[in-house]
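Each chain, letter by letter, is given below.
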Amino acid sequence: MIAMHKLVLRSVTKSYTKGTTVLKPFDLVAQSGELIVLVGPSGCGKSTLLKLIAGLEKLDDGQILLGDRDITDAEPRQRKIAMVFQNYALYPHLTVRENLAYPLRRQKLRMPAITEKVAMVARQLRLEELLDRRPSQLSGGQKQRVAMGRAIIREPDLFLLDEPLSNLDAALRTHVRGEIRDLQRRLGTTMIYVTHDQVEAQTLADRVVILRDGEVQQIGPPQEIYARPANIFAAAFLGAAPPNFLAGRVINGRIDVGQASLPFSDLPGECRTALAGREQVYLGLRPELLRAADDHYGDHLVLHGAVSSREIVGNTQNVYFRTDTACADMTRLSALAGRYLTDELVWTTENSNTGDTVKLAIRPEDILFFDAEGQAIGTHGSDTL
Amino acid sequence: MTALSAQKRAEARIGLVLASPAILLLVLLVVLPVLATAGFSLTDYRLGTQTIGFAGLDNYGTLWNDPRFWQSVGNTALYTLIVVPGSVGLGLGAALLIEGRGWLRPFYRVAYFLPVASTFIAMAIVWEFLMNPSVGLFNQILFALGLPGINFFGNAQTALFSMAAIGIWELTGFNMVLFMAGLAAIPRDLYDACAVDGGESGWDRFRMVTWPMLGPTTFFVAIITMIRAVRVFEVAAVITQGRPEGATEVLLYSIYVQAFQYFNIGYAAALIVVFLVVTALIALVQARFGGGREASR
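Computed from a predicted structure; not experimentally measured.

### Describing the overall build of chain A
And then number 1: A tally of helices and strands in chain A yields ten helices and 20 strands.
And then number 2: Considering only C-alpha atoms, chain A reaches an extent of 75 × 45 × 40 Å along its principal axes.
And then number 3: In chain A, buried positions account for 53% of the 385 residues.
And then number 4: The long-range share in chain A, meaning contacts at least 24 apart out of those at least 6 apart in sequence, stands at 69%.
And then number 5: Roughly 17200 Å² of accessible area belongs to chain A as shown, and the carbon and sulfur atoms make up 48% of that amount.
And then number 6: A gap of 9 Å separates the mean positions of the 46 positive and 47 negative side-chain charges of chain A.

### Digging into the overall build of chain B
And then number 1: Looking only at helices and strands, chain B has twelve helices and zero strands in total.
And then number 2: Secondary structure of chain B in N-to-C order comes out as α-α-α-α-α-α-α-α-α-α-α-α.
And then number 3: Its C-alpha radius of gyration of 24 Å places chain B more than 25% over the 19 Å reference for a compact globule of 297 residues.
And then number 4: Principal axes of the C-alpha set define a box for chain B whose edges measure 85 × 75 × 30 Å.
And then number 5: The burial tally for chain B puts 38% of its 297 residues in the buried class.
And then number 6: For chain B, contacts bridging at least 24 residues in sequence account for 67% of all contacts bridging at least 6.
And then number 7: As displayed, chain B offers around 16300 Å² of accessible surface, 70% of which is attributable to carbon and sulfur atoms.
And then number 8: Averaging the locations of the 17 positively and 16 negatively charged side chains of chain B gives two centres separated by 8 Å.

### Some points on the environment of Leu172 of chain A
Residue and element names in this part refer to chain A.
And then number 1: Relative to the elements of secondary structure, Leu172 occurs in helix α5 (residues 170-187).
And then number 2: On the basis of relative accessible area, Leu172 is assigned to the partly exposed category, the value being 29%.
And then number 3: Along the chain, Leu172 and Gly140 lie 32 residues apart, while their C-alpha atoms are 9.3 Å from each other.

### Description of empty space enclosed by the protein
All names here are of chain B.
And then number 1: The tally for this structure, following the rule as stated, stands at one cavity of 30 Å³ or more.
And then number 2: By volume, the largest cavity is sized at about 80 Å³.
And then number 3: Taken together, Asp66, Arg68, Phe69, Ser72, Glu249, Ser254, Val257, Gln258, Tyr267 and Leu271 form the lining of the largest cavity.
And then number 4: At the level of elements, α3 (67-99), α11 (251-260) and α12 (265-290) are the ones that each hand at least two residues to the lining of the largest cavity.
And then number 5: Along the lines of polarity and charge, the residues of the lining of the largest cavity split into four nonpolar, three polar and three charged.

### Overview of α11 of chain B
And then number 1: Most of α11 of chain B is tucked away: seven of the ten residues are buried.
And then number 2: Turning to α11 of chain B, its buried residues number three or more, namely Leu251, Tyr253, Ser254, Ile255, Val257, Gln258 and Ala259 of chain B.

### Regarding the pairing of strand β11 (residues 244-251) of chain A
All names here are of chain A.
And then number 1: In terms of strand pairing, β11 meets strand β14 (residues 280-285) through six bridges, oriented antiparallel. Looking at the pairing, Asn244 lines up with Leu285 of β14.
And then number 2: The sheet contact formed by β11 and strand β12 (residues 254-257) spans three bridges and is antiparallel. Its bridge partner being in β12, Val250 is matched across the sheet by Ile255.
And then number 3: Counting the residues in the hairpin turn of β11 and β12 gives two residues, including Asn252, whose phi is positive at 45°.

### Some words on the environment of Leu171 of chain B
And then number 1: Relative to the elements of secondary structure, Leu171 of chain B occurs in helix α7 (residues 159-184).
And then number 2: The contact partners of Leu171 of chain B, leaving out residues within four places of it in the chain, are Val83, Ser87, Thr225 and Arg228 of chain B.

### Notes on the sheet that holds strand β15 (residues 291-292) of chain A
Neighbouring strands of a sheet are bound in pairs by backbone hydrogen bonds; such pairs are parallel or else antiparallel.
And then number 1: Pairing within the open sheet is antiparallel, and its five strands lie in the order β15-β19-β16-β17-β18 (chain A). Whereas interior strands pair on both sides, the edge strands pair on one side only; in this sheet they are β15 and β18 (345-349) of chain A.

### Quick look at the sheet that holds strand β9 (residues 207-212) of chain A
All names here are of chain A.
And then number 1: With mixed pairing, the six strands of this open sheet are ordered in space as β6-β7-β8-β3-β9-β10. Two strands bound the open sheet, and with one partner strand each, they are β6 (81-84) and β10 (215-220). The sheet shows a mean angle of 15° between the axes of neighbouring strands, taken without regard to direction.
And then number 2: Bridge analysis of strand β3 (residues 35-39) against strand β8 (residues 190-195) gives five bridges, and the strand direction is parallel. Within β8, the position partnered with Val39 by the bridge is Thr195.

### What about the domain arrangement of chain A?
All names here are of chain A.
And then number 1: Domain boundaries assigned for chain A yield domain 1 (7-232) and domain 2 (241-370).
And then number 2: Once you take the C-alpha centre of each, domain 1 and domain 2 turn out to be 38 Å apart.
And then number 3: Listed per partner, the contact involves seven residues of domain 1 and twelve residues of domain 2.
And then number 4: In total, domain 1 and domain 2 occlude about 750 Å² of area from one another, counting both sides; carbon and sulfur atoms represent 62% of this.

### Quick word on the interface of chain B and chain A
And then number 1: The partner chain A presents 25 residues to the 19 residues of chain B that form the contact.
And then number 2: Carbon and sulfur atoms make up 56% of the surface buried where chain B meets chain A, a total of about 2100 Å² over both sides.
And then number 3: Arg150 of chain A is the partner of Asp197 of chain B in a salt bridge, and the nearest nitrogen-oxygen pair spans 3.5 Å.
And then number 4: Our enumeration of links across chain B and chain A arrives at seven residue pairs in polar contact (both at pLDDT 80 or more).
And then number 5: Per-element accounting of the side of chain B that touches chain A gives the leading share, eight residues, to helix α8 (residues 188-197) of chain B.
And then number 6: In terms of residue class, the side of chain B that touches chain A is made up of nine nonpolar, three polar and seven charged.

### Structural notes on unusual backbone geometry
Residue and element names in this part refer to chain A.
And then number 1: The backbone of Ser11 sits at a positive phi, close to 45°, despite the residue not being glycine.
And then number 2: Looking at the secondary structure, you find Ser11 in strand β1 (residues 7-15).
And then number 3: Taking the relative accessible area as the measure of exposure, Ser11 reaches 36% and is therefore partly exposed.
And then number 4: Despite not being glycine, Glu155 shows a phi value in the positive range, around 50°.

### Things to note about the UniProt feature "transmembrane region" (unreviewed entry) in chain B
Residue and element names in this part refer to chain B.
And then number 1: Per the UniProt record, "transmembrane region" (unreviewed entry) is found at residues 12-36, 77-98, 110-130, 136-154, 166-186, 206-227 and 265-287.
And then number 2: Overall, residues 136-154 shows 42% helix and 0% strand. The separation of its end C-alpha atoms is 13 Å.
And then number 3: Secondary structure content for residues 206-227 is 100% helix and 0% strand, and the end C-alpha separation is 27 Å.

### Things to note about α8 of chain B
And then number 1: A large share of α8 of chain B lies buried, amounting to nine of its ten residues.
And then number 2: When we look at burial in α8 of chain B, the residues that qualify are Asp189, Leu190, Tyr191, Asp192, Ala193, Cys194, Ala195, Val196 and Asp197 of chain B.
And then number 3: Elements that come into contact with the buried residues of α8 of chain B comprise α1 (46-54), β6, α2 (96-106) and α4 (140-152) of chain A together with α9 (202-230) of chain B.
And then number 4: At the exit of α8 of chain B stands Gly198 of chain B, carrying a positive phi of roughly 115°.

Analysis parameters
Residues numbered from 1 in each chain as written. Chains lettered and ligands numbered in written order. Predicted model: local features only at pLDDT ≥ 70, side-chain atom pairs only at ≥ 80, totals over all residues. Heavy atoms only, no water. Helix = DSSP H or I, 4+ residues; strand = E, 2+ residues; numbered from the N terminus. Buried < 20%, exposed > 50% of the residue type's maximum accessible area, 1.4 Å probe, protein only. Contact = heavy atoms within 4.5 Å. Areas by Shrake-Rupley, 256 points an atom, 1.4 Å probe, with all protein chains shown as cover. Lys, Arg positive; Asp, Glu negative; His and termini not counted. Charge placed at Lys NZ, Arg CZ, Asp CG, Glu CD. Rg over C-alpha atoms; globule rule 2.2 N^0.38 Å. 1 Å grid on protein atoms, 1.4 Å probe; cavity = no way out; pocket = protein on both sides within 12 Å on 5 of 7 lines; lining within 4 Å. Points joined across faces, edges and corners; volume = space filled by probe spheres on them. Nonpolar A, V, L, I, M, F, W, Y, C, P; charged D, E, K, R; others polar. Pairing = 2+ DSSP bridges. Axes fitted to C-alpha atoms, helices over the stretch in contact; angles between N-to-C directions. Domains from an automatic or database assignment. Buried area = accessible area lost by both parts, 1.4 Å probe. Salt bridge = Lys/Arg side-chain N within 4 Å of Asp/Glu carboxyl O. Polar contact = N/O pair within 3.5 Å; in protein donor to acceptor, adjacent residues only side chain to side chain. UniProt positions renumbered as here; feature names shortened; annotations may be inferred.

Here it is as structure tokens:
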């Protein structure tokens with residue numbers, strides 16, 4: 001039996017003392033059982049949004065619905081929402097058993113029922129051995145599991161997770177990430193997961209919400225955002241490394257990029273129409289989609305570059321190179337991308353014997369196009385709701 | 001191996017040299033005076049006399065059999081028993097109340113901290129006026145309400161309690177500031193977790209988060225307050241001089257009277273040694289149990 005609990009946020013806004021808007025009108029519908037990841041750099045409003053949903057902060061305007069209930073003005077305890085905090089927020093003076101039992105005791109459950117549920121959750125999360133320990137005697141991963149246990153024991157209508165993995169080391173993070181995903185699938189409970197880590201966003205999410213300065217940049221499944229980012233910020237945020245950005249000039253049915261040139265005839269139809277009539281555009285080339293160019297690439301966009309450095313990551317290699325086609329306006333691009341970008345380009349390849357110079361090309365349909373404001377051209381970013 | 005230990009010895013020597021100014025000051029200002037006091041407590045020295053004779057444990061024997069000594073020990077203990085819970089409790093309460101008062105917080109903090117910053121001898125005189133049985137503010141209020149006045153310091157039944165009230169007033173502000181520091185260190189997440197878990201009242205939040213997280217702070221504050229309470233002196237010296245009937249005779253005041261009014265330096269030194277042992281015991285409790293109880297999240 002999976003209860004249906006859809007979360008609907010309608011024009012939710014929040015600002016603190018005069019003028020500082022934390023969250024511009026925000027709309028989201030999380031389907032029942034969906035795992036939504038809110039992602040963005042620190043200060044983008046993602047944690048505030050989570051606190052608004054939990055009822056820990058009051059929203060200025062808008063409406064929050066959970067299932068068929070309007071919880072906009074409900075107290076946190078009435079919302080049937082469980083939350084996992086970055087620092088776990090376990091009660092330090094209580095044992096693991098008491099920590100797990102506390103939400104149930106507040107619900108005035110009878111003792112035998114509490115004992116039974118604690119045992120069940122402890123079994124699910126492998127906490128049986130730890131029940132009589134205090135939080136100070138637990139490792140980071142164990143504390144994390146207790147925090148998860150305290151959340152699921154109440155069988156809430158909605159889970160909120162606030163950067164739950166950021167205090168774990170890298171190896172454990174991958175492991176716990178998988179556990180959270182499995183648990184969420186098994187319970188079928190709607191989950192809102194906040195992180196600043198794009199890997200977590202890509203691996204966990206049914207849909208990702210990218211936030212910047214309190215404003216939604218794009219909402220959609222991770223693969224879709226990766227393939228068709230709505231703007232330069234989204235393109236740079238999702239992916240192991242940001243795309244290589246080049247400045248292009250639209251002239252007579254082709255795009256000139258430095259010395260290289262790309263005829264419209266190579267591009268997909270929708271792209272051609274959208275590009276016609278424009279002058280300045282930015283091109284985004286994902287490092288992992290670049291490939292060594294054969295001679296038959298002819299008229300296509302081919303990048304010639306001198307290798308400046310390389311780093312080896314497992315069986316792949318990041319090759320850094322400079323080219324005369326590079327974009328001059330890195331300050332503007334960095335502002336649009338919300339991160340520091342240099343005019344050094346990167347090629348991620350499994351090819352191990354790369355020389356001192358590179359000659360690279362990309363499939364025209366893999367090129368991302370953006371206008372001067374950094375908005376995607378041709379590929380309209382996925383749904384914004 | 002030998003090279004290594006030679007290097008270690010050289011390091012130890014440098015360490016000692018670097019620490020020597022502190023060690024010197026500690027010896028000069030703390031260790032020597034304590035040893036001197038302990039030495040004097042074994043003599044019959046009186047201020048102004050030319051002779052000094054070894055008296056063994058005579059002074060300790062005298063004080064063991066001195067009912068005034070036991071009275072001052074009892075008074076000090078009772079005073080401490082009232083002042084510690086009183087000022088710790090009120091300090092915590094004030095800190096909790098002020099915590100929520102946004103922009104007025106700095107004002108309250110200063111207001112409550114004033115007693116700590118002021119000269120207590122002067123404050124004692126103000127209190128003496130306030131508690132004056134005929135013209136003091138407190139009794140004027142009682143009279144206005146048609147109630148009989150209280151002879152705060154004139155009555156053996158009320159004198160020590162009046163003194164304790166002033167002690168609580170003196171220490172509450174200091175304790176409050178310590179508690180506010182402790183409160184500021186409590187992670188907000190814990191309150192959020194408590195709210196989400198179903199904690200509804202302020203009492204729930206206090207019981208689940210504030211009080212457990214303040215444990216180490218509370219312990220520290222209690223110990224500090226205890227040491228300060230045992231040292232009570234000003235009110236006894238300025239207002240009561242131990243009267244009435246020795247009801248406000250406290251340990252430090254007895255020492256003062258013995259040393260600087262009767263000039264019984266030997267006997268006063270014995271009293272000081274007893275006093276030192278008591279405070280050292282309290283400090284030991286703090287060192288033993290205070291350090292290890294670190295709240296972890």
